[in-house]
Amino acid sequence: MTEEVPRSVPAPRPSMSVRALLADPGLGVGLELVAGEAGLDRIIESARIQKSGLALVGHFHGISASRIQIFGQTELSFLHTLEGEDRAKKLRDLFARDLCCVIVTRASRGEAEAPAEGGFPAVPELVAAAEASGTPLLRSAERSSVTITALHALLDDRLAPRVRMHGVLVDVFGVGVLLAGPSAIGKSECALDLVMRGHRLVADDVVECDYRPPGMVFGAAAHLLRYHLEVRGLGILNVKDLFGVTAIRERKRIDVVIKLVEWSKDVEYDRLGLEDRYHTILGVKVRELVIPVRPGRDMSTIIEVAARNELLKNAGHHAAREFFGNLEGALMSGGRRDR
């Protein structure tokens, strides 16, 4: 029998424009455009931030145009050690690399007009290089560490790798369970029964998965399908309206994938549980169980027990391995007594 693999559809590579960055309400620091308005539609593709100190001395190795470049007080202090023409040339060489944007931290309003408190005099060549190359030059009144932390928090969310998967995601005892399997196998019915038992629906049919460092995958419902569950014979149900806000959850980490398959007498299913199987989502290995479905099996109870067992495994208790360890010890002890 061919196993049903959770279908996944890679989402387009996430990106955002500098214009969108400036307008994003989730950014924890205030950014203001100083120069380079013509480049506001340049694209940011990386969530990592770069400090541009080495580039100012002509070492461009590793400089990525899709990363935000940061000019802090260290970089400004170095620029002020240079003569005017030399400073202008180094900035022109850097800005000629089609950078998505440059942010000057702990900078005063207008940057070219006055120095920041406790900082350095403004660098008019910096503004000129940004305007000439059409590179957005932004200012942040916060110091570099605060600005970088805020940018990382925002970009990690907006630019997280994503994939869409076919399945049902349920929060069972705090464990994110992704139910996968062929159409009409009973995934949505299981989810409904679990909601009736007090668990929480995250997504039905389409699960939007996104990666979070240092190696986690979270799932959420597609916007139009949020809170809804399709049950054959009943149609589309709004779980939030039927059972209240305690029956739904906006997003949840995926901790285990349960593949529901039709039972077949010709297939040998795992009866011991000694070896762990994994399903890879966005490069992250998630524990996987294959559970056969047949009349008379209470699938909701089995899924609840699977979630409880996952909690035990995370706490360091592997029931099957402990049992066989005890069995092996008993057999060895018996053999010694026989001798």
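Relevant structure appears above.
Definitions and limits used
- Along each chain, residue indices are assigned from 1 in the same order as the chain's sequence is written.
- Two thresholds apply to this predicted model, a pLDDT of at least 70 for residue-level local features and 80 or more for giving and counting side-chain atom pairs, whereas whole-chain, interface and lining totals are computed over all residues.
- Side-chain measures here rest on the full set of heavy atoms in the structure, leaving out hydrogens and waters.
- We count a stretch as a helix when DSSP gives it H or I for four or more residues in a row; a strand needs E for two or more, and each element gets its number in order from the N terminus.
- The classification of residues rests on relative accessible area computed with a 1.4 Å probe and restricted to protein chains. Under 20% of the type maximum is buried, over 50% is exposed, and intermediate values are partly exposed.
- Should any heavy atoms of two residues lie within 4.5 Å, those residues are counted as being in contact.
- Strand pairing is defined by DSSP finding a minimum of two bridges between the two strands.
- Here an axis means a line fitted to C-alpha atoms, over the contact stretch when the element is a helix, while the angle between two N-to-C directions is reported on a 0 to 180 degree scale.
- Throughout this description, any angle smaller than 35 degrees is read as roughly parallel, any larger than 145 degrees as roughly antiparallel, any in the 65 to 115 degree range as roughly perpendicular, and the remainder as oblique.
- Polar here means any residue outside two lists: the nonpolar Ala, Val, Leu, Ile, Met, Phe, Trp, Tyr, Cys and Pro, and the charged Asp, Glu, Lys and Arg; Gly therefore counts as polar.

Peer 1: Residue-level account of the environment of L311, with values.
Peer 2: Within the fold, L311 resides in helix α8 (residues 299-314). When its relative accessible area of 39% is taken as the criterion, L311 is described as partly exposed. With 56 residues separating them in the primary sequence, L311 and D255 have C-alpha atoms 9.7 Å apart. Look past the residues within four positions of L311 in its chain and what remains in contact with it is F173 and V175.

Peer 1: Please provide a residue-by-residue account of the pairing of strand β16 (residues 256-262), values included.
Peer 2: Within β16, six of the seven residues are buried, which leaves the element mostly enclosed by the surrounding structure. Here four bridges tie strand β10 (residues 175-180) to β16, and the two strands are oriented parallel to one another. Bridged to V177 within β16 is V256. Pairing of β16 with strand β18 (residues 284-293), which is carried by seven bridges, proceeds in the parallel orientation. If you follow V261 over to β18, its bridge partner there is P292.

Peer 1: Just give me the short version of the packing of helix α6 (residues 187-196) against α8, but keep the residues and values in it.
Peer 2: One way to put it is that α6 packs onto α8 with a least axis distance of 9 Å and a crossing angle of 70°. In terms of axis orientation, α6 runs roughly perpendicular to α8. When α6 is examined against α8, the residues C190, D193 and L194 are found in contact with a partner set consisting of M299, S300, I303 and E304. Split into classes, the residues belonging to the contact of α6 with α8 amount to four nonpolar, one polar and two charged.

Peer 1: Please set out the sheet that holds strand β6 (residues 68-71) residue by residue, giving values where relevant.
Peer 2: Taken in spatial order, the five strands make up an open sheet running β3-β8-β7-β6-β5, and their pairing is mixed. What marks the edges here is a single partner per strand, and that holds for β3 (31-35) and β5 (49-51). Averaged over all adjacent pairs, the angle separating strand axes in this sheet is 35°, with direction ignored. Note: strand β7 (residues 102-105) against strand β8 (residues 137-140), four bridges, orientation parallel. Counted as the bridge partner of I103 is L138 from β8.

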